[in-house]
Amino acid sequence: MKKLAVFASGTGTNFVAIAKACASGVIKAEVAVMVCDKPGAAVIDRAREMGIETFVFSPKDYTGKSAYEAEIVKLLDAKEIDLVCLAGYMRIVGETLLNAYEGKIINIHPSLLPSFKGAHAVEDAVAYGVKVYGITIHWVNADLDGGKIIAQRAFPYEGSDPAEVHRLGQVIEHQLYIETINKILNQ
Ligand code: GRF
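Here, residues in each chain are numbered from 1, in the same order as that chain's written sequence. Only residues with pLDDT of at least 70 are given local features in this predicted model, and only at 80 or more are side-chain atom pairs given and counted; all residues enter the totals for whole chains, interfaces and linings. No hydrogens and no water enter the side-chain calculation; it runs on all heavy atoms of the structure.

Peer 1: Honestly, the overall build of the protein chain in this entry has me stumped. Any pointers?
Peer 2: Helix and strand assignments come from DSSP, with helices taken as H or I runs of at least 4 residues and strands as E runs of at least 2, each series counted from the N terminus. What the protein chain contains, in helices and strands, is six helices and seven strands. Start at the N end of the protein chain and walk to the C end: the helices and strands fall as β-α-β-α-β-α-β-α-β-α-β-β-α. Radius of gyration means the value over C-alpha atoms here, while the globule rule gives 2.2 Å times the residue count to the 0.38 power. Computed over C-alpha atoms, the radius of gyration of the protein chain comes to 16 Å, within 12% of the 16 Å expected from 2.2 N^0.38 for 187 residues, which places it in the range of a compact globule. Projected onto its principal axes, the C-alpha positions of the protein chain cover 45 × 40 × 30 Å.

Peer 1: Would you take a moment to explain the side chain of E173 for this structure?
Peer 2: Mapped onto the secondary structure, E173 falls in helix α6 (residues 162–186). For the buried residue E173, which engages in no salt bridge, the nearest side chain bearing the opposite charge is R46, 11 Å off. Only protein chains enter the accessibility calculation, which uses a 1.4 Å probe. A residue is then buried if its area is under 20% of the maximum for its type, exposed if over 50%, and partly exposed in between. In this charge count, Lys and Arg are treated as positive and Asp and Glu as negative; neither His nor the chain ends contribute. Salt bridges are counted wherever a side-chain nitrogen of Lys or Arg sits within 4 Å of a carboxyl oxygen of Asp or Glu.

Peer 1: Is there a simple way to explain the environment of E173 in this structure?
Peer 2: When its relative accessible area of 7% is taken as the criterion, E173 is described as buried. Sequence separation between E173 and I106 is 67 residues, and the spatial gap between their C-alpha atoms is 13 Å. When checking whether two residues touch, look at their non-hydrogen atoms; a contact exists if any pair is within 4.5 Å. Not counting chain neighbours up to four residues away, the residues in contact with E173 comprise N14, I108, P110 and I135. Engagement of the side chain of E173 in a polar contact is seen with the side chain of N14, the distance being 2.8 Å. Definition of a polar contact: a pair of N or O atoms within 3.5 Å, with one able to donate and the other able to accept a hydrogen when the atoms are protein atoms, and with sequence-neighbouring residues admitted only if both atoms are side-chain atoms.

Peer 1: It is not clear to me how the pattern of salt bridges should be interpreted in this structure. Could you clarify?
Peer 2: Should their charged atoms come close, side chains of opposite charge can pair. All told, the structure shown has six salt bridges when counted by the stated rule. The partner of R167 in a salt bridge is E164, and the shortest N-O contact between them spans 2.7 Å. Remark: E164 and R167 occur in helix α6; sequence separation between them is three residues, near one turn of the helix. What makes E164 partly exposed here is its relative accessible area of 26%. Sharing partners across several salt bridges, the network here consists of D37, K38 and R91.

Peer 1: Looking at this model, I keep getting lost on the sheet that holds strand β3 (residues 54–56). Mind explaining?
Peer 2: Here, a strand pair is defined by DSSP locating no fewer than two bridges between the strands. A sheet is described by the order of its strands in space; here seven strands give the open sequence β3-β2-β1-β4-β5-β6-β7, paired in mixed fashion. With one partner strand each, in any of the chains shown, β3 and β7 (149–156) form the two edges of the open sheet. If you compare each strand with its neighbour and ignore which way they point, the axes differ by 20° on average. Alignment of strand β5 (residues 105–109) against strand β6 (residues 132–139), held across four bridges, turns out to be antiparallel. In the sheet register, N107 faces β6, and the bridge partner there is H138. Lying over the sheet, α6 contacts β1 (2–8), β2 (29–36), β4 (83–86), β5, β6 and β7, oriented at roughly 150° with respect to β7. Only C-alpha atoms enter the line fits that serve as axes; for helices the fit covers just the stretch in contact. Angles between N-to-C directions range over 0 to 180 degrees.

This is the structure:
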């Protein structure tokens, strides 16, 4: 059985979609650990309700990014993680984690990359007047939101409400993330 680690910082709807797909056999893997950098984030309760091990940390408790990433690498190694799925993990992955796991880390981003990189992709796209939105899943490297694209899905939206774009996009995200994880694991 392949093993996934899911990293999240917030609500965790993508985490839940992935974990449910694993539990029901739609993804032939198990979520071995959920890593969260925000004590108090809703995703932690969701993981605990589903009986999934969590590693929750506060970056301020460490001397720097390489210190907490070294601990994460130890954990991922111990669990023999095959694939790391970033799902709303609001931190830039540093060289400690990349050196150990590059080529095994993917991220989901709420725009059609390379347009609208960064943390405010949807808001930026709405401000730009975009009419076709989308979701991208890509490999993670040192270039923020710049790794090679694995999958994309577009949807039309002519309005100007970022919350509506997020809602429409998340339905696609959950489906696309499950399909893409399956493709990678079956390669
Ligand atoms: C998603 O919209 C994803 O594209 C972005 O962060 C959001 C996470 O949402 N990277 P959730 O916590 O999975 O609900």
